[in-house]
Amino acid sequence: MAEERWFHFDDEDQPDDVQVAFTEALREHAAWSLIADDVEVLLPNYYAFGYRPQPGETSFGKLLVYAYLPAPGLGLSLLTVGAYLDGSKIRGDELHNQLLTFPEEPTSLAFTGSGSPAELAAITGDWFGTIWRRPVVRYEWLRSRRVYAHRFLFADTGQGLVEGRTRTATLGAPDRIVHVRGKATT
């Protein structure tokens, strides 16, 4: 079953009881549509946290669960989001797509919570689900009937996600708006 691969530890990982309880509850709570390859779980000694933690120090928390928001059929990640679990607390937000660190200032996607592993898994699962259900559109600018520039954004807020070929801020209104994922807005 594909969902059994969601948020699984690597064989060499040695998660503690809280980490195991949290990830098991998160897998059970994950009713949102994710592809197993788009989700990960990492322990803080993993190099991708941006730096190797010093003795007794964690990198934003004891465990990271994160996912890439894909553009279906395009082989493109639109956004990297994740949550750091530190015992009975969790903090989530957009992440740097390579270092997996939080931005200096929290974004509109940020959340925090506290509670048991099951409560934190529910909060985190709901948060991921809310992001995955949000409508995403692609603005396209055409030249000679071909796409010259594009920009992906959340349709409900206009928050930009990814743009390609050229900066779109100076191009004016897009020639075409294409629904990419999530529930279409009217």
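These figures come from a predicted structure and were not determined experimentally.

## Description of the overall build of the protein
Regarding its fold elements, the protein presents two helices and nine strands. Going from N to C terminus, the protein has its helices and strands arranged as α-β-β-β-β-β-α-β-β-β-β. Across the protein, contacts joining residues at least 24 apart in sequence account for 52% of those joining residues at least 6 apart. Entry remark: accessible area of the protein is about 10500 Å², with carbon and sulfur atoms responsible for 48%.

## Some points on the sheet that holds strand S7 (residues 146–154)
Within the open sheet, the four strands sit side by side as S8-S7-S6-S9. Their pairing is antiparallel. With partners counted over all chains shown, the strands left at the sheet margins are strand S8 (160–164) and strand S9 (176–181), one partner each. Averaged over all neighbouring strand pairs, the angle between strand axes comes to 25°, with direction disregarded. Inspection of the sheet shows strand S6 (residues 136–143) paired to S7 by eight bridges, in the antiparallel sense. Considered in S7, the bridge of Trp-141 is made with Ala-149.

## Section: the packing of aromatic side chains
Inspection of every chain in the model, using the stated rule, returns six aromatic pairs. Between Tyr-139 and Trp-141 the ring centres are 6.3 Å apart and the planes differ by 70°, which places this aromatic pair in the edge-to-face class. Overall, the relative accessible area of 24% leaves Tyr-139 in the partly exposed class. What links up through ring pairs into an aromatic cluster is the set Phe-111, Trp-127, Phe-128 and Trp-132. In this arrangement the basic side chain of Arg-134 is found over the ring face of Phe-154, its NZ or CZ atom lying 3.7 Å from the centre.

## Points about the pairing of S7
A loop of two residues connects S6 with S7, the two strands running antiparallel in sequence, and Ser-144 in this loop sits at a positive phi of about 55°. Relative to S8, S7 runs antiparallel, the two being bridged by four bridges. Each residue of the ladder has a partner; that of Arg-151, found in S8, is Glu-163. What sits between the antiparallel neighbours S7 and S8 is a turn of five residues, in which Gly-158 has the positive phi angle 80°.

## Topic: the nonpolar core
Judged by nonpolar contacts, the single largest core of 32 residues is most densely connected at Phe-22 and Val-65. Looking at this core, the elements with two or more residues in it are helix H1 (17–29), strand S1 (39–42), strand S2 (63–71), strand S3 (76–86), helix H2 (117–133) and S7. Ranked by the residues each element gives to this core, the list is headed by H2, at six residues. Aside from chain neighbours lying at most four places away, what touches Phe-22 is Leu-63, Val-65, Leu-85, Ile-90, Pro-117, Leu-120, Ala-121 and Thr-124. Counting seven residues, the second largest nonpolar core, distinct from the first, contains Leu-64, Tyr-66, Leu-95 and Phe-102.

Criteria and thresholds
- Residues numbered from 1 in each chain as written.
- Predicted model: local features only at pLDDT ≥ 70, side-chain atom pairs only at ≥ 80, totals over all residues.
- Heavy atoms only, no water.
- Helix = DSSP H or I, 4+ residues; strand = E, 2+ residues; numbered from the N terminus.
- Contact = heavy atoms within 4.5 Å.
- Areas by Shrake-Rupley, 256 points an atom, 1.4 Å probe, with all protein chains shown as cover.
- Pairing = 2+ DSSP bridges.
- Axes fitted to C-alpha atoms, helices over the stretch in contact; angles between N-to-C directions.
- Phe/Tyr/Trp six-rings, centres within 6.5 Å; stacked < 30°, edge-to-face > 60°.
- Buried < 20%, exposed > 50% of the residue type's maximum accessible area, 1.4 Å probe, protein only.
- Lys NZ or Arg CZ within 6 Å of the ring centre and 35° of its normal.
- Core = buried A, V, L, I, M, F, W, Y, C linked by side-chain atoms within 4.5 Å.

Shape descriptors only; they carry no functional weight alone.
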